[in-house]
Amino acid sequence: MTSAYNHSFLGLVFLSLSIIHSESTSNVYIVYLGLNNIQDPILTSNYHLQLLSNVFPSQEHARKSMVYSYKHSFSGFSAKINSTQAATLAGMERVISVFKSKILKLHTTRSWDFMGLNLDPIGDQVTPLQLTHGDNAIVGLFDTGIWPESKSFHEEPNMHPIPKTWRGKCVNGENFDPKKSCNLKLIGARYYLKGYELEHGLLNTTGSSEYQSPRDANGHGTHTASTAVGSTVKKASFLGFGQGTARGGAPRARLAIYKVCWEDGKCSEADILAAFDEAIHDGVDVISASFGSPPPLVPLYNSSSDIGSFHAMQKGISVIFSAGNNGPDPSLVQNVAPWSTCVGASSIDRNFPTRILLDNSLSFMGESLNTKHIEAYLVGARIFFRGGICRMSRWRNNNAFGAVILCFSTPGSVLIEEAEVAVWGANATGLIFVDSPTRQYVDVDIIPTIRVDMIQGTKMGHYLSQSMMYPPKVHIFPSKTIIKQTPAPVVADFSSRGPSSISPDILKPDISAPGITILAAWPPGIPPTSTSIDQRSVEWNFQSGTSMSCPHVSGIVALIKSLHPNWSPAAIRSALMTTAYNRDMNHDTILSGGTNEESNPFDIGAGHINPLKAIDPGLVYDLKADDYILFLCNNGYTEDQIKRIISLVPGKNVNCPKEMTSNTNLNYPSITISSLESSVIIKRTVRNVGGRKTSVYFGRIVSPHGVEVTVWPMILFFSYFRDEVSYYVTFKPRKVSQGRYDYGEIVWSDGFHTVRSPLVVCVNIVTPDTTIDDSFQALDHESLSLSLSGA
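Because the structure is predicted, anything quoted here is derived from the model rather than measured.

Caption draft 1: Main features of the packing of helix α9 (residues 269-282) against helix α10 (residues 304-314). Where α9 contacts α10, the axes come no closer than 9 Å and their chain directions differ by 5°. If you check the angle between α9 and α10, you find them roughly parallel. Together, E269, I272, L273, F276 and I280 of α9 and S304, S305, I307, G308, S309, H311 and A312 of α10 make up the contact between the two elements. Considering only residue class, the contact of α9 with α10 consists of 6 nonpolar, 5 polar and 1 charged.

Caption draft 2: Quick look at the nonpolar core. In this structure, F142, Y258, V284, I287, F291 and W339 are the most contacted members of the largest nonpolar core, which totals 62 residues. Considering every element that reaches this core, the biggest residue donor is α9, with 8 residues. Leave out the neighbours within four places in its chain, and F142 touches Y258, V260, I272, A275, F276, A279, I287, S288, A289, S290 and F291. Counting residues in hydrophobic clusters, the runner-up holds 40 residues, among them C550, V557, I572 and I609.

Caption draft 3: Representation of the environment of F74. Residue position: F74 is located in the loop between β2 (66-70) and β3 (75-82). What makes F74 buried here is its relative accessible area of 0%. Linking F74 and Y32, residues 42 residues apart in sequence, is a C-alpha distance of 8.7 Å. Not counting chain neighbours up to four residues away, the residues in contact with F74 comprise G34, N36, L273, F276, D277, I280 and H311.

Caption draft 4: Structural context of the pairing of β2. Most of β2 is tucked away: 5 of the 5 residues are buried. Where β2 folds back onto β3 in an antiparallel hairpin, the turn is made up of 4 residues.

Caption draft 5: Up close: the pairing of strand β5 (residues 103-106). Looking at chain direction, β5 and strand β11 (residues 266-268) are connected through 3 bridges and run antiparallel. Following the sheet pairing, L104 is matched in β11 by C267. Pairing geometry for β5 and strand β13 (residues 291-292), over 2 bridges, is antiparallel. Residue pairing in the sheet places L106 in a bridge with F291 of β13.

Caption draft 6: Inspection of the environment of S465 at higher detail. Mapped onto the elements, S465 comes out in helix α12 (residues 454-465). Here S465 falls in the partly exposed class, since its relative accessible area comes to 42%. Separated by 85 residues in sequence, S465 and G380 place their C-alpha atoms 8.7 Å apart.

Caption draft 7: Main features of unusual backbone geometry. Cis geometry is found at the peptide bond from P295 to P296, where omega equals 10°. Cis peptide bonds are those with omega within 30 degrees of zero, and the linkage from K508 to P509 qualifies with 0°. Secondary-structure assignment places P509 in the loop between β24 (482-483) and β25 (511-514). In the Ramachandran plot, N596 falls in the positive-phi region, its phi being about 60° despite a non-glycine side chain. Counting through the fold element by element, N596 comes out in the loop between β28 (591-592) and β29 (597-598).

Caption draft 8: Local environment of the packing of aromatic side chains. According to the stated counting rule, one finds 20 aromatic pairs in the structure shown. Centroid distance Y70 to F74: 6.1 Å. Interplanar angle 45°. Geometry classified as tilted. Residues F241 and F352 carry aromatic rings whose centres are separated by 5.9 Å and whose planes lie at 90° to one another, so their mutual orientation is edge-to-face. In this pair, F241 is assigned in strand β9 (residues 241-246) and F352 in the loop between β16 (350-351) and β17 (353-358), connecting sequence segments 111 residues apart. We classify F241 as buried; its relative accessible area is 5%. In this structure F352 comes out as buried when scored by relative accessible area, which is 1%. Counting every residue linked through ring pairs, the aromatic cluster contains Y68, Y70, F74 and Y192. A cation over a ring is seen here: R215 above W147, with NZ or CZ 4.6 Å from the ring centre. Over the ring of Y377 we find K473, and its NZ or CZ is 5.5 Å from the ring centre.

Caption draft 9: Local environment of the sheet that holds β5. The strand order across the open sheet formed by 3 strands is β11-β5-β13, and the pairing between neighbours is antiparallel. Bordering the open sheet on either side are β11 and β13, each of which pairs with just one other strand. Relative to β11, α9 is tilted by about 70°, and along the sheet it contacts β5, β11 and β13.

Caption draft 10: Representation of the pattern of salt bridges. By the definition in use, this model includes 21 salt bridges. With a closest N to O distance of 3.0 Å, D282 and R190 form a salt bridge. Linking D282 in helix α9 with R190 in strand β7 (residues 186-191), this pair joins segments that are 92 residues apart in sequence. Three or more residues are tied together by salt bridges with common partners; here these are R190, E278 and D282.

Caption draft 11: Main features of the sheet that holds strand β14 (residues 318-322). Across the sheet, which stays open at both edges, the 7 strands sit in the order β7-β10-β6-β12-β14-β15-β25 with parallel pairing between neighbours. Of all strands in the sheet, those bounded by a partner on one side alone are β7 and β25. When the angles between neighbouring strand axes are averaged without regard to direction, this sheet yields 25°. The pairing of strand β6 (residues 138-143) with strand β10 (residues 254-259) spans 6 bridges and is classified as parallel. When the sheet's bridge partners are listed, L141 is paired in β10 with I257.

Caption draft 12: Structural context of helix α11 (residues 416-425). When we look at burial in α11, the residues that qualify are I416, A419, E420, A422, V423 and G425. Looking one or two residues past α11, N427 carries a phi angle of roughly 65°, positive in sign.

Caption draft 13: Main features of the state of the cysteines. Scanning the entire structure with this criterion turns up 4 disulfides. Disulfide pairing places C261 opposite C267 at an S-S distance of 2.1 Å. Residues C261 and C267 are joined by a disulfide whose S-S torsion is about 100°; by sign, that bridge is right-handed. Each of the two residues, C261 as well as C267, counts as buried. By sequence-ordered numbering of the bonded cysteines, the chain has its disulfides arranged as 1-2, 3-4, 5-6, 7-8. With no disulfide of its own, C550 lies closest to C342 among cysteine sulfurs, the gap being 9.0 Å.

Caption draft 14: Expanded view of the UniProt feature "active site" (unreviewed entry) in the chain. In the numbering used here, UniProt assigns the "active site" (unreviewed entry) feature to D143, H220 and S547. For the residues just named, distributed over 405 residues, the greatest C-alpha separation is only 9.9 Å, placing them together at one site. For D143, a relative accessible area of 1% translates into the label buried. Leave out the neighbours within four places in its chain, and D143 touches L106, H220, G221, T224, Y258, K259, V260, C261 and S290.

Caption draft 15: Region of the structure containing the side chain of T672. For T672, the location among the structural elements is in strand β31 (residues 671-676). In this structure, T672 is in contact with P504, D505, I506, L507, T664 and V760, ignoring residues within four places of it in sequence.

Caption draft 16: Just the side chain of E420, in detail. You can see E420 is positioned in helix α11. One buried charged residue, E420, remains without a salt bridge, the closest side chain of opposite sign being R451 at 4.2 Å. For E420, the side chain forms a polar contact with the main-chain nitrogen of I446, separated by 3.2 Å. In this structure, E420 is in contact with L431, D445, I446, I447, T449 and R451, ignoring residues within four places of it in sequence.

Cut-offs and rules
Residues numbered from 1 in each chain as written. Predicted model: local features only at pLDDT ≥ 70, side-chain atom pairs only at ≥ 80, totals over all residues. Heavy atoms only, no water. Axes fitted to C-alpha atoms, helices over the stretch in contact; angles between N-to-C directions. Helix = DSSP H or I, 4+ residues; strand = E, 2+ residues; numbered from the N terminus. Parallel < 35°, antiparallel > 145°, perpendicular 65-115°, else oblique. Contact = heavy atoms within 4.5 Å. Nonpolar A, V, L, I, M, F, W, Y, C, P; charged D, E, K, R; others polar. Core = buried A, V, L, I, M, F, W, Y, C linked by side-chain atoms within 4.5 Å. Buried < 20%, exposed > 50% of the residue type's maximum accessible area, 1.4 Å probe, protein only. Pairing = 2+ DSSP bridges. Phe/Tyr/Trp six-rings, centres within 6.5 Å; stacked < 30°, edge-to-face > 60°. Lys NZ or Arg CZ within 6 Å of the ring centre and 35° of its normal. Salt bridge = Lys/Arg side-chain N within 4 Å of Asp/Glu carboxyl O. Disulfide = S-S within 2.5 Å. UniProt positions renumbered as here; feature names shortened; annotations may be inferred. Lys, Arg positive; Asp, Glu negative; His and termini not counted. Polar contact = N/O pair within 3.5 Å; in protein donor to acceptor, adjacent residues only side chain to side chain.

See the structure below:
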């Protein structure tokens, strides 16, 4: 079989659907063909047109149907066709998959100091690390575009010429002149609109602020670009809050913008794949993409993000994705392909305390971005909203002028955004919103909004009930900015959690990074809340989401790539994961927002990112493209398909097992066993990338509860002639359990470096395995001799 649709059952289902739907109903489909073996863009496009012509009466009809020809970095095309035509194409020779283009959605200063990348020299440095490296790294940002006039995208002092490997360009467009907008910092800017317009209709630029160009009309793209590689800007703040020097993770790195998402935050897969095709060809080093689609996850060969990131990986390009904002429930993590890096969100050590005083006698402390002293009456929601629920639909058109409304999140599960709109509509002076303490993070609001926890809110409610005759006078004081007063990091309650619903034997998310109340550049023509009722104009704005944590990692990856240009995407991801930490600033286990319990690897991946450690990790777990063969077999690819998407090394063959096997032996920096029923032996290989070629690493094990873990050998020797060493890990279940995950770790150390790998194991047995696995005793003793001798 040559197509993912050619499995008999799937084929019957697909043909049945074709009969149900009218042939005249057309949608944008993506036809994926794998590697581009023609190596000529014109010939490749002609081949795509010829292939598409097989389902049209003429080549002219096919040409009009074509949306994109993906002709540079891989082969495929998108076209507007009906389901019958899609089924016909799916059965053709050389076609790997055909799938409908979906719409993906966005995952929407102090953070760098918090992570140790401050602007003070470290050790014997003359200039801070962030300001000395990065010129040779290019970050491609897939988002809503850019506001090029922002100070974040001005050239850093003494920037070198643009790297000669760069083949991209800045394109002209509405209110975007490449000669004025692009420079040594912003070196590329493209936009992709065809797929979006075919699914949503022509873009209306007259009735909205959107631009048919790389210019940002949403704010999201400007914010994420500034976070990743923004230049250093002093005295940045949002209305005085969070004041300091703003900059990205790699301020000297170059930026290339690929606008694939539009004003409403929606992104067409057809456009995304076109951006991948050109970004890889343009010569980017890192791709940062803060978007996705919530579960159920589609097969990897039916996802533009997974296809594009796979071909980027083969060209040595690291692709960083956001994990999604569907937490804290498990198994809702997105962007889970093992060849890309998936990032969760966490807090930093900055807060904005706001004092509340009732009748000059009762004092409370909330959080807000309140700029003024408010004096008003405090009124319960039941006065203005039926049942006390703060929703616009419950408003009785009463005027709440001069009042601050107390709203609880619990009656009817009210969202703070709903309460804000309702209170604003009631013409109130402000809002005190009561919610769980695990969801207490500051955001930019359309009306002064103070967040308080349930304990304080309950006390306020009781005081109100005792003051029915005379509403109490409330004073709300201007908020302050403080740092290092609250334990951090804490995993954001919204950050999507693992395990991966499509490949549970690969830990996702991989890593966590700051994603709560992040200050970065913002288009002054777009209100900070992105609502029409907000008339403010700012150059810096706070945003929260895994959209914000993703570019933090992208910036750090650019810095690492600048320092280690020959490291593969897998080696860089390994460096990030094995040096991450899982203790907060008070040395307690990092908490999981939304539960207030200790975090585990499904919340935070390998841990919170540690940039300075990641630059010098000591050891790395590396992967080449053909190391993913077994994983692809397990995920529905046929041997023929795999041969056509991987650039195989000479002599390498593809042999898929007849039955699906575990993905645990993929040389990943973590080990996840989603169902341990008996003894299992897993192999890992590490490469020494430290400064000392002759090194000795000693192992330490923390076993998951109810699992006996043995590592052999426990000492790893590296030399000038042997920079790679393998070790074996045996897992034996020692308890009766079903469906429960337990956690541990393997740590290697040479006295200078600490290389930590999470262990995630789910024991699934009725009777524990008490036998000794003889296969572990029979491992190759020649390997042991080599390890001990360091040969």
